[in-house]
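If you want the building blocks of each chain, they are given just below.
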Amino acid sequence: MDTRIKEILSQLTLEEKAALLTGGSQSLSSAGVERLGIQPKHMADGPNGERNYNPGSDSTCLPSCCATGATWNPEMGRLMGETIANDCVHHDIQMILGPGANMKRNSLNGRNFEYFSEDPYLTGVMSAAYINGCEDRGVGTSMKHFACNSQETRRTESSVEIDERTLREIYLRAFEIAVRDSKPTSIMCAYNKINSIWCGENKHLLEEIPRDEWGYEGIMISDWGAVHNELRSLKAGLDLRMPSMTEDTVNAVKNGLESGKLTMEEVDRSVARVLEWLLRPVTKDEGYDRDAQHQNARKIAQEAICLLKNEPFRTSSKEWPVNTASWKETDQALLPLTPDKVKKICVTGEYAVMPYINGQGSAEVFPNAEHIDSPLECLRKALPGVQVDYFPYLTRKHPDNMLWHTFCQDMPDIQTYDAVLIFTGVQPSQDSENIDRHDNHLAGYIEDVLRNVTFHNPNSILILTSGSSTFRSDKADLCRAIVQMWPTGEAAGQAIADVLTGHVNPSGKLSETFPKEMRTDLDLIGDGMKIEYNE
């Protein structure tokens, strides 16, 4: 233990020590000790940007971790961490609550957009890179959610029943790699139970594995409201209970010491870990460049976009009624779109003008409107001399009426265009904390639009935005090109325009399975409070 920390511990009262083991006066802050000059530190939700609740704070919205994972590039993971740290320093934040290192076990998990992959190794490597990028700028990280938090349904009540080998080889492996290759300031315990023991009270999870085996030395912090019994959590190795529950924590510490269930050595050990973070110097805000932040977001987004399908471009016969069989196949692929290939492009789908940049819940980031690129406008700039028309046929939200009734009216003369771009996907509310998706299908009205568009124009390109996998669709397969865009942050518009026009190679690779059918072993069993991880 550091000499300075030992000296401070000798000066702290029992009440002050206990108060340091829970949050401060704000929901996202630590406590401090004013009389000793120890200032509280501030945290912010992550993991794809600094979520700031102050109006006009204008934090950079980076691609979600699902997109960054699809880069398969640790340099992009590090750039993500560095860029988030720049915002944190600028807004006086000393810890970001990220990265997310859970496994994408269930493709319906509402928070899959916050996680890198279903693969432990890729997740671990990307998490370590993210952590190093952030920590090297002097901003702490909180790798989460430890562990087995792979669904939102009853996440605060359910128990994951799992054997030791499965736990270690799949669900803890990413955390182990990140602890080995980086030094996260904290690890956040999950809400759920593992084998009927709350994660926040699980000594095997919080101490025996990470500290005794991996050599982890940082803080074990709770998710907000994840502590059920303060004394048992302290005994198990949890250091910091969030948010602030000062009176309960002080009473728990006093009662534990008086009853002999807790020792002062155990209290001091946890306090020392918190102090190590609180005593770190705060990085000064020097030379913050919002435009450079945006370019970082664009660079990551460019590498994240995945090309799933790209069939030959067909030349139109311009006949009416449409006879798609007469359209002749060329030796060129449909993508990229270049001025020598296309002169007139039709764009539909509200995501072309109002892009889906990130999921919802605690991970939602709020950049100012001027920093959110419009895919439509970026396409027009990238293709000078090409006519790019937009038709608001395909809405962002589920329409009240069937769209096929108004197709000819809303998409006139579609057969006269050289290509049609369809921007669509899942709704942001389907990628959200607290809820899981009901299914992985594209909505019926979207498939209806795909059928209509592809019937009238074979050169249809589907630009799909979703924070997790979707089922393969027969209607989507009618499109001659498919691009998986992901929620790629505030620079999504410029990034997709760069890819579609060939200025950037679509080098992204899927980091999760896009299943043909749903697994049958994902439901809560028995009394509805247990789920078996029997991989």
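It should be emphasised that the depicted structure is a prediction, and the values quoted were computed from it without experimental measurement.

Q: Pulling in residues and values, what's your account of the overall build of the protein chain?
A: Counting its secondary structure elements, the protein chain contains 16 helices and 17 strands. Against the globule reference of 24 Å for 535 residues, the protein chain gives a C-alpha radius of gyration of 25 Å, in line with a compact fold. Put simply, the protein chain has 535 residues, and 59% of those count as buried. Across the protein chain, contacts joining residues at least 24 apart in sequence account for 77% of those joining residues at least 6 apart. Within the structure as shown, the protein chain displays about 21100 Å² of accessible surface, and the carbon and sulfur contribution to it stands at 48%. In the protein chain, which carries 54 positive and 78 negative side-chain charges, the distance between the mean positions of the two groups comes to 2 Å.

Q: Account for the environment of C378, naming residues and giving values.
A: Following the sequence through the fold, C378 ends up in helix α13 (residues 375-382). Along the primary structure C378 and A492 are separated by 114 residues, whereas in three dimensions their C-alpha atoms are 9.8 Å apart. Dropping the residues within four chain positions of it, C378 is found in contact with D373, G493, Q494 and A497.

Q: If you had to explain the pattern of salt bridges to someone new, which residues and values would you point to?
A: For the coordinates displayed, the defined rule picks out 36 salt bridges. Of the charged contacts in the structure, one is a salt bridge between D136 and R78, with a shortest N-O distance of 2.8 Å. Pair noted here: D136 is in the loop between α5 (120-135) and β3 (140-146) and R78 is in helix α4 (residues 74-90), with a separation of 58 residues, a long-range link. What makes D136 exposed here is its relative accessible area of 54%. The salt bridge partner of E490 is R290, with a shortest N-O separation of 2.8 Å. Placement of the pair is E490 in the loop between β16 (481-484) and α16 (492-500) and R290 in helix α12 (residues 290-304), with a sequence separation of 200 residues. On the accessibility criterion, R290 (10% relative accessible area) is buried. A single network of salt bridges, built from pairs that share partners, joins R111, E114, E152, R155 and E433.

Q: Residues and numbers for the sheet that holds strand β6 (residues 193-194), please.
A: Strand pairs in the sheet, formed through backbone hydrogen bonds, run parallel or antiparallel to each other. The 4 strands lie next to each other as β7-β6-β4-β17, forming an open sheet whose pairing is mixed. The sheet terminates laterally at β7 (197-198) and β17 (530-533), the two strands that pair on one side only. This element, helix α6 (residues 164-171), spans β4 (159-162), β6 and β17 of the sheet and lies at about 105° to β4.

Q: Describe the state of the cysteines, with residues and values.
A: All chains considered together, the criterion is met by 0 disulfides. Distance from the sulfur of C134, which forms no disulfide, to the nearest cysteine sulfur (C88) is 5.7 Å. Not part of a disulfide, C199 finds its nearest cysteine sulfur in C189, a span of 6.4 Å.

Q: Explain the environment of N534 to me, and be specific about the residues and the numbers.
A: In this fold, N534 is placed in the segment after β17. Linking N534 and Q415, residues 119 residues apart in sequence, is a C-alpha distance of 52 Å.

Q: I'd like a description of the sheet that holds strand β2 (residues 95-97), backed by residues and values.
A: As summarised here, the arrangement of the 5 strands in space is β1-β2-β3-β5-β8, forming an open sheet in which the pairing is parallel. Since the sheet does not close on itself, it has two edges, and those belong to β1 (43-45) and β8 (219-222), each with one partner. Sheet twist, expressed as the average angle between the axes of neighbouring strands with direction ignored, equals 25°. Here β2 pairs with β3 via 2 bridges, running parallel. The partner of M95 across the bridge, within β3, is G140.

Q: Give a description of the pairing of β16 that names residues and reports values.
A: Alternating positions in β16 separate into two faces, A481 and V483 on one and I482 and Q484 on the other, with burial throughout. When strand β15 (residues 460-465) meets β16, the two strands line up parallel, connected through 4 bridges. Counted as the bridge partner of I461 is A481 from β16.

Q: An account of the packing of α13 against α16 is requested, with residue identities and associated values reported.
A: Across the interface, α13 lies against α16 with an axial gap of 8 Å and an inter-helix angle of 40°. When the axis of α13 is compared with that of α16, the two are oblique. Relative to α16, the crossing made by α13 is right-handed. Facing P375, C378 and L379 of α13, the residues of α16 in contact are G493, Q494, I496, A497 and L500. When the residues that make up the contact of α13 with α16 are grouped by side-chain class, the tally is 6 nonpolar, 2 polar and no charged.

Q: So what's going on with the packing of aromatic side chains? Which residues, and what values?
A: What the rule picks out here adds up to 6 aromatic pairs. Both rings, one in F146 and one in F175, keep their centres 4.9 Å apart while their planes meet at 65°; by these two values the pair is edge-to-face. Of this pair, F146 sits in strand β3 while F175 sits in helix α7 (residues 173-181); the two residues are 29 residues apart in sequence, bridging distant segments of the chain. You'll find F146 and F175 in the same group, each marked buried. Taking 6.2 Å as the distance between ring centres and 65° as the angle between the ring planes, the aromatic pair formed by F146 and W214 counts as edge-to-face. Of this pair, F146 sits in strand β3 while W214 sits in the loop between α8 (203-213) and β8, and the two are 68 residues apart along the sequence. Under the relative-accessibility criterion, F146 is labelled buried at 0%. An aromatic cluster of at least three residues, connected via ring pairs, comprises F146, F175 and W214. Across from the ring centre of W198, 4.6 Å away, lies the NZ or CZ of K193, which sits over that ring. Here K344 stacks its cationic end above the ring of Y417, 4.6 Å away from the centre of that ring.

What counts as what
Residues numbered from 1 in each chain as written. Predicted model: local features only at pLDDT ≥ 70, side-chain atom pairs only at ≥ 80, totals over all residues. Heavy atoms only, no water. Helix = DSSP H or I, 4+ residues; strand = E, 2+ residues; numbered from the N terminus. Rg over C-alpha atoms; globule rule 2.2 N^0.38 Å. Buried < 20%, exposed > 50% of the residue type's maximum accessible area, 1.4 Å probe, protein only. Contact = heavy atoms within 4.5 Å. Areas by Shrake-Rupley, 256 points an atom, 1.4 Å probe, with all protein chains shown as cover. Lys, Arg positive; Asp, Glu negative; His and termini not counted. Charge placed at Lys NZ, Arg CZ, Asp CG, Glu CD. Salt bridge = Lys/Arg side-chain N within 4 Å of Asp/Glu carboxyl O. Pairing = 2+ DSSP bridges. Axes fitted to C-alpha atoms, helices over the stretch in contact; angles between N-to-C directions. Disulfide = S-S within 2.5 Å. Parallel < 35°, antiparallel > 145°, perpendicular 65-115°, else oblique. Left-handed = near helix turned anticlockwise from the far one by under 90°. Nonpolar A, V, L, I, M, F, W, Y, C, P; charged D, E, K, R; others polar. Phe/Tyr/Trp six-rings, centres within 6.5 Å; stacked < 30°, edge-to-face > 60°. Lys NZ or Arg CZ within 6 Å of the ring centre and 35° of its normal.

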